[in-house]
Amino acid sequence: MEKADELNKMKPQNLNDTSACAPPDEKWHYAIFLCICCLWLCVGMNNASVAWTLKDIADSQLLDLRQEGVLASGFAMGYCLGPVTMGILLDKMGRRPTLLLCCIVPSVCQAAAAYLVRVPVLAQPGSWPFTMALAYLRCCQAICSGGATVSSKVYLNEIMPIKCRDAMLSIVHIQLQLGGMALTVCALFWPKWQQLHAILMVPGLVTTLLMLSPKLCPESLTLVPKGAHSRPFRELLQTPHRTVLLVLVLNQFFHRICQQGNDAWGMKFLQTIGKRETRTVVSNVKFVCKILGGLLAASASKHLGTLAAVLGGYMTCAVGTLLFTMTQQKMSLAVAWGVAYLGEEVANVLAMTTLVQAFPMQLRGRGVSLVCAPNALAGIVAGSLGALSAYYATVPFVVNAASMVISGLVLLHFSDLIYQKSQDGLKQD
């Protein structure tokens with residue numbers, strides 16, 4: 001009884017009062033930050049491995065173009081479903097269990113993919129069962145990878161001090177690019193796709209072990225326990241949340257059309273006008289500028305404000321995308337593409353911060369899932385825009401730039417409402 005009384009005294013009387021739950025050492029935030037950085041590094045490596053191993057798998061298993069398309073579609077479908085699925089689980093299971101799920105499942109999928117060819121039924125060349133099994137594993141991996149990016153942002157927004165939140169989110173974003181670079185280094189030592197999949201299991205398992213410690217990865221202090229407040233999912237569709245939800249859905253939908261359209265058709269466009277050296281230079285500039293964009297986001301948010309920095313990112317991306325279509329010189333292409341991805345990364349880092357803070361903490365996971373739900377449709381639209389290149393190669397990029405401008409205008413028109421909701425969210429945190 002005495003021990004129970006002591007435990008009750010340690011519980012916070014106010015669920016929003018984090019001081020009673022926070023460890024006495026202020027450096028505990030850096031331990032959480034380390035875990036999330038490791039998680040994003042794993043996501044970056046897993047994402048890059050999909051495209052990196054596709055040709056090797058197709059050649060070794062004698063897959064045709066249809067089977068290659070199924071493998072690519074499995075990952076794309078999972079990545080679109082991930083934010084929706086994990087957004088719901090954030091509110092139902094809690095932040096920490098959802099993050100652990102996003103960490104361990106991709107490692108299991110990587111291990112299973114490495115040993116698929118050892119199953120006699122799947123080992124036949126050109127086997128459709130092998131293709132479908134690998135597509136299923138990549139879909140599950142992508143659901144967790146896509147969900148990890150959203151879940152960890154919700155988690156960090158709730159648990160990190162406000163004064164260093166934007167800087168930490170910016171550094172976390174950089175881990176995706178570092179993960180892609182780390183994969184290329186791993187591929188030098190383990191060139192076969194089976195070896196690469198087996199090796200990629202290790203970072204996820206190490207990160208899972210780190211996150212299993214409640215001291216390194218505690219539950220969000222602002223999360224309302226189950227049963228404390230019963231808020232149905234449909235509350236998000238009622239006033240005043242409905243207007244905010246619609247604005248953010250439109251904003252993210254047009255944002256993703258440009259982002260996914262540039263990713264899908266950028267290198268394809270370069271193949272029609274440039275040599276291999278040009279494609280290499282522009283591709284490397286893209287990664288460097290995305291890293292710089294992640295670093296710039298925190299500084300821009302501090303000096304200009306989050307909404308102003310997001311709008312600046314949208315406009316910069318639109319200008320860079322348009323410039324990309326107006327020149328065929330190697331250096332000019334590299335500069336234009338760098339400007340586009342610099343702006344897009346600034347907007348991408350800070351837009352999710354605005355999105356997370358716009359919803360009450362009890363509905364935050366579900367709100368994020370609803371806003372991210374149209375991402376799959378945006379990907380389909382972005383992919384179909386490639387048909388316009390039959391008329392003129394640069395038309396898809398003009399549409400991409402226009403969609404990014406529309407995304408910024410939607411946010412600008414409702415900026416007062418979004419700002420007020422974000423301030424309300426900060427007060428809850």
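Structure's up top.
Residues numbered from 1 in each chain as written. Predicted model: local features only at pLDDT ≥ 70, side-chain atom pairs only at ≥ 80, totals over all residues. Heavy atoms only, no water.

Visitor: Can you explain the packing of aromatic side chains? Please cite residues and give values.
Guide: For the structure on display, the rule yields six aromatic pairs. Ring centres of Trp337 and Tyr341 lie 5.1 Å apart, and the angle between their planes is 75 degrees; this geometry places the pair in the edge-to-face category. Residue Trp337 and its partner Tyr341 are located together in helix H11 (residues 330-357), separated by four residues, close to a single helical turn. For Trp337, a relative accessible area of 0% gives the class buried. The class for Tyr341 is buried, based on a relative accessible area of 3%. Members of the aromatic cluster, each reached through a chain of ring pairs, are Trp337, Tyr341 and Phe397. (Phe/Tyr/Trp six-rings, centres within 6.5 Å; stacked < 30°, edge-to-face > 60°. Helix = DSSP H or I, 4+ residues; strand = E, 2+ residues; numbered from the N terminus. Buried < 20%, exposed > 50% of the residue type's maximum accessible area, 1.4 Å probe, protein only.)

Visitor: Residues and numbers for helix H5 (residues 128-159), please.
Guide: The terminal C-alpha atoms of H5, which comprises 32 residues, lie 46 Å apart, in line with the 46 Å expected from a rise of 1.5 Å per residue. If you look at H5, its biggest bend is around 30 degrees, right at Ala148. Burial within H5 is extensive, with 27 of its 32 residues counted as buried. Of the residues that open H5, the one with a side-chain oxygen 3.2 Å from the backbone nitrogen of Phe130 is Ser127. (Expected span 1.5 Å × (residues − 1). Bend = angle between axes of the 7 residues up to and from the residue. Polar contact = N/O pair within 3.5 Å; in protein donor to acceptor, adjacent residues only side chain to side chain.)

Visitor: Got a sec to walk through the pattern of salt bridges? Specific residues and values, please.
Guide: Under the criterion given, the structure shown has three salt bridges. A salt bridge links Glu344 to Lys290, with the nearest nitrogen and oxygen atoms 3.6 Å apart. Separated by 54 residues along the polypeptide, Glu344 in helix H11 and Lys290 in helix H9 (residues 276-304) bring together distant segments of the chain. Comparing Glu344 with Lys290 shows no difference in burial state: the two are buried. The shortest N-O distance in the salt bridge between Lys290 and Glu345 comes to 3.0 Å. Of this pair, Lys290 sits in helix H9 while Glu345 sits in helix H11; the two residues are 55 residues apart in sequence, bridging distant segments of the chain. We note that Lys290, like Glu345, is buried. One connected set of salt bridges, linked through shared partners, spans Lys290, Glu344 and Glu345. (Salt bridge = Lys/Arg side-chain N within 4 Å of Asp/Glu carboxyl O.)

Visitor: If you had to explain unusual backbone geometry to someone new, which residues and values would you point to?
Guide: Backbone geometry at Leu62 places phi at a positive 55 degrees, although glycine is not the residue there. Turning to its location among the elements, Leu62 is positioned in the loop between helix H2 (28-61) and helix H3 (65-93).

Visitor: For the packing of H5 against helix H6 (residues 162-189), give the residues involved together with the corresponding values.
Guide: Two quantities define a packed helix pair, namely the angle between the axes and the distance from one axis to the other. Interaxial distance between H5 and H6 falls to 10 Å at its minimum, and their mutual angle equals 155 degrees. As the angle between them shows, H5 and H6 are arranged roughly antiparallel. When the axes of H5 and H6 are compared, the crossing they make is right-handed. Of the residues in H6, those touching H5 at Lys153, Leu156 and Asn157 are Arg165, Leu169, Val172 and His173. (Axes fitted to C-alpha atoms, helices over the stretch in contact; angles between N-to-C directions. Parallel < 35°, antiparallel > 145°, perpendicular 65-115°, else oblique. Left-handed = near helix turned anticlockwise from the far one by under 90°. Contact = heavy atoms within 4.5 Å.)

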